Amino acid sequence: MSAAGGSGRPRVRTGYGVVEGRTGPGGTASFRGIPYAAPPVGPLRFAAPVPPAAWEGVRDAGAFGPTAPKVPYPPKFAALLPDPEIPGDDCLNLNVWTPDPSPAARLPVMVWLHGGALTRGSSAVPVYDGSAFARDGVVLVSVNYRLGVLGYGLFPDAPANRGLLDQIAALTWVRDNIEAFGGDPARVTLFGESAGAISVGALLGAPRAAGLFARAALQSGAPEALAREKVRAMVRRMASLLKVDATAEAFAATALPDLLAAQGAVLRRSSPLAGGPAFGLVTDPDTLPDDPLEAAAATDVPLLMGWTTEEYRLWLAPTGALPVMDRLGPLTLALARARSGKDRAAVRALRAARPGAGPAELAGQLLTDRLLRDPLRRLAGAPRPAPSFLYEFGWPSGVPGLGACHALELGFVFDTLDVPEAGWRAGGAPPLAGPPGLPGAGVRSPVPAPRGGGPGAAHGPPMVFGGPSARSVAAVATPPVLP
């Protein structure tokens with residue numbers, strides 16, 4: 001049931017109580033910080049999510065709720081990846097933007113899972129503002145979920161993949177409540193970027209998520225599960241620093257600031273890009289019984305998947321690693337071949353396709369193949385009962401060294417290129433229409449493109465948006481400076 005509140009304050013009744021949002025541009029409405037699960041504190045810190053308590057009266061939903069506990073990005077990345085921190089225990093919350101908060105609207109729904117290596121990020125990042133989706137007739141939901149050791153630490157006495165269970169709880173909330181906000185629970189598209197896309201890939205194969213979404217999009221992330229020992233190693237390293245047992249019981253008895261300090265220390269020593277220990281999803285009989293890539297290939301969910309042309313530049317350029325990799329020359333390529341599993345013939349083919357590319361670029365592309373392009377192509381080419389489509393985002397940033405890097409497309413997807421944080425990463429003001437072939441509202445469409453064998457189809461080349469010739473930017477006052 002929807003009801004009018006005060007001026008500019010629409011109200012919607014959820015299964016747990018009434019929330020009061022805010023009216024936005026063009027008569028759209030937003031509702032922020034709505035709890036979909038109880039605060040994960042005390043005995044719930046390492047437990048599966050449980051439903052939130054109902055409330056009496058009207059709950060204000062005019063501001064983002066608390067973000068999941070996390071450690072900040074290293075300074076060299078923080079300038080490019082703003083990550084707000086909002087204190088509070090009630091971090092399992094979500095936000096809704098809608099064109100029409102009434103049950104009769106029956107509008108398509110898109111649910112967003114943020115990136116951040118499963119250790120950082122939140123739905124409060126300004127680039128993820130959902131107003132453009134509501135403007136274009138789509139109900140947009142964005143979700144917070146537990147991160148790092150709280151969401152993905154592997155313990156013998158706690159359920160695995162707790163962050164994934166949080167996401168399933170959020171999708172269950174959407175199924176049960178989104179109609180009151182004008183959405184159609186039968187037309188839910190799940191999408192995410194980077195770690196959010198990895199999560200989408202896992203949810204495709206998670207039995208508990210079956211039937212909770214009808215379509216999915218994976219931006220710069222492929223379905224994967226880490227070796228259990230790699231994830232367990234992160235917990236053991238933290239336990240060693242904290243001088244406690246590597247159990248959920250011992251970690252739950254540890255003060256949260258001490259947990260985060262230990263997590264920050266082990267993250268600084270880990271190198272997941274090089275295949276070292278990391279926090280991540282694992283196969284698990286209860287939550288993720290099968291390899292996520294194989295499970296995703298067997299689903300009947302239509303998929304849109306893709307990458308940026310130079311993903312690796314966000315991973316390597318801010319640290320100054322690219323010039324060092326070029327100086328190391330053959331050693332760089334030998335290490336990249338070993339990590340990517342590519343043979344010398346693959347390196348020769350890459351050189352031919354990218355004349356003039358140095359060792360750093362070649363190694364970065366081999367790494368991108370290993371992490372993204374190869375598994376997504378395998379998924380797209382699998383004999384699935386539903387269509388798959390591939391894209392590549394090629395518009396280059398104006399920040400020297402970034403190129404068409406990881407996460408650059410987000411300002412285009414959300415139509416938030418006027419947000420300062422998006423401008424910092426883009427290095428200027430892109431054309432309002434976006435790269436050629438990237439229709440503004442079409443990016444936010446939950447309906448797959450027509451099936452066919454041309455660019456973008458599963459067995460053809462990816463549909464490419466933008467490229468070096470598409471760039472047209474103005475200078476920004478304080479762009480980030482890379483090493």
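### Concerning the sheet that holds strand β9 (residues 139-143)
Strand order across the open sheet formed by 10 strands is β4-β5-β7-β9-β8-β10-β11-β12-β13-β14, with mixed pairing between neighbours. Each having just a single partner strand, β4 (22-23) and β14 (463-465) make up the two edges of the open sheet. Strand direction decides the pairing type here: strand β8 (residues 107-113) and β9, joined by 5 bridges, are parallel. Pairing of Trp112 across the sheet is with Ser142, part of β9. Here helix α5 (residues 195-205) sits on the sheet and contacts β8, β10 (183-193), β11 (215-219) and β12 (303-308); the angle it forms with β10, its principal contact strand, is near 130°. Sheet strands touched by helix α14 (residues 359-381): β11, β12 and β13 (388-393). Its angle to β12, the strand with the most contacts, is close to 160°.

### Let's talk about the packing of aromatic side chains
Under the counting rule described, the total for this entry stands at 14 aromatic pairs. With a centroid separation of 6.4 Å and an interplanar angle of 55°, the aromatic rings of Phe64 and Trp97 are classed as tilted. Of this pair, Phe64 sits in the loop between β6 (58-60) and α1 (75-78) while Trp97 sits in strand β7 (residues 93-98), and the two are 33 residues apart along the sequence. Judged by its relative accessible area of 23%, Phe64 is partly exposed. With a relative accessible area of 2%, Trp97 lands in the buried category. Ring-pair connections join several aromatic residues into one group, and the members of that group are Trp112, Tyr128, Phe133, Phe191 and Phe414. Across from the ring centre of Phe64, 4.7 Å away, lies the NZ or CZ of Arg32, which sits over that ring. Positioned above the aromatic ring of Trp55, the side-chain terminus of Arg59 is 5.1 Å from the ring centre.

### Examining the environment of Arg162
Relative to the elements of secondary structure, Arg162 occurs in helix α4 (residues 162-177). Given the relative accessible area of 0%, Arg162 is considered buried. Separated by 17 residues in sequence, Arg162 and Tyr145 have C-alpha atoms that sit 8.7 Å apart. The contact partners of Arg162, leaving out residues within four places of it in the chain, are Phe46, Ala47, Arg146, Val149, Leu150, Gly151, Tyr152, Gly153 and Phe155.

### Focus on the confidence of the model for the chain
Predicted coordinates in regions of low pLDDT should not be interpreted in detail. The predicted model of the chain has a mean per-residue pLDDT of 89, with 88% of residues at 70 or higher. Contacts of residues 435-443 to residues separated by more than four positions or lying in other chains number 17 contacts, the stretch itself having pLDDT below 50. Of the regions scoring below 50 in pLDDT, residues 469-483 engages in 40 contacts with residues more than four places distant in sequence or in other chains.

### Some thoughts on the environment of Gln365
When you line up the elements, Gln365 lands in helix α14. The class of Gln365 is buried, set by a relative accessible area of 0%. When the C-alpha positions of Gln365 and Arg313 are compared, they lie 9.6 Å apart, and in sequence the two are 52 residues distant. For Gln365, the contacting residues outside a window of four places in its chain are Thr309, Glu310, Tyr312, Leu350, Arg354 and Arg373. Among the polar contacts made by the side chain of Gln365, one reaches the main-chain carbonyl oxygen of Thr309 at a distance of 3.0 Å.

### Comments concerning helix α12 (residues 330-340)
Taken together, the buried positions of α12 are Thr332, Leu333, Ala336 and Ser340. Buried residues of α12 fall within an arc of 95° about the axis and therefore sit on the same side. Facing away from the buried surface of α12 by more than 90 degrees, the exposed residues are Pro330, Leu335 and Ala338. The inward-facing, buried residues of α12 contact α11 (321-328), α13 (344-353) and α14. A positive backbone phi angle near 75° is found at Gly341, which sits one or two residues after α12.

### Considering unusual backbone geometry
Although it is not a glycine, Leu118 sits at a positive phi angle of roughly 60°. The phi torsion at Lys243 lies on the positive side, around 60°, for a residue other than glycine. Take Lys243: it is sitting in the loop between α6 (228-242) and α7 (248-252). Its relative accessible area of 73% is what places Lys243 among the exposed residues.

So, how was this worked out
- Residues numbered from 1 in each chain as written.
- Predicted model: local features only at pLDDT ≥ 70, side-chain atom pairs only at ≥ 80, totals over all residues.
- Heavy atoms only, no water.
- Pairing = 2+ DSSP bridges.
- Helix = DSSP H or I, 4+ residues; strand = E, 2+ residues; numbered from the N terminus.
- Contact = heavy atoms within 4.5 Å.
- Axes fitted to C-alpha atoms, helices over the stretch in contact; angles between N-to-C directions.
- Phe/Tyr/Trp six-rings, centres within 6.5 Å; stacked < 30°, edge-to-face > 60°.
- Buried < 20%, exposed > 50% of the residue type's maximum accessible area, 1.4 Å probe, protein only.
- Lys NZ or Arg CZ within 6 Å of the ring centre and 35° of its normal.
- pLDDT = per-residue confidence, 0-100.
- Polar contact = N/O pair within 3.5 Å; in protein donor to acceptor, adjacent residues only side chain to side chain.
- Arc of directions from axis to C-beta.

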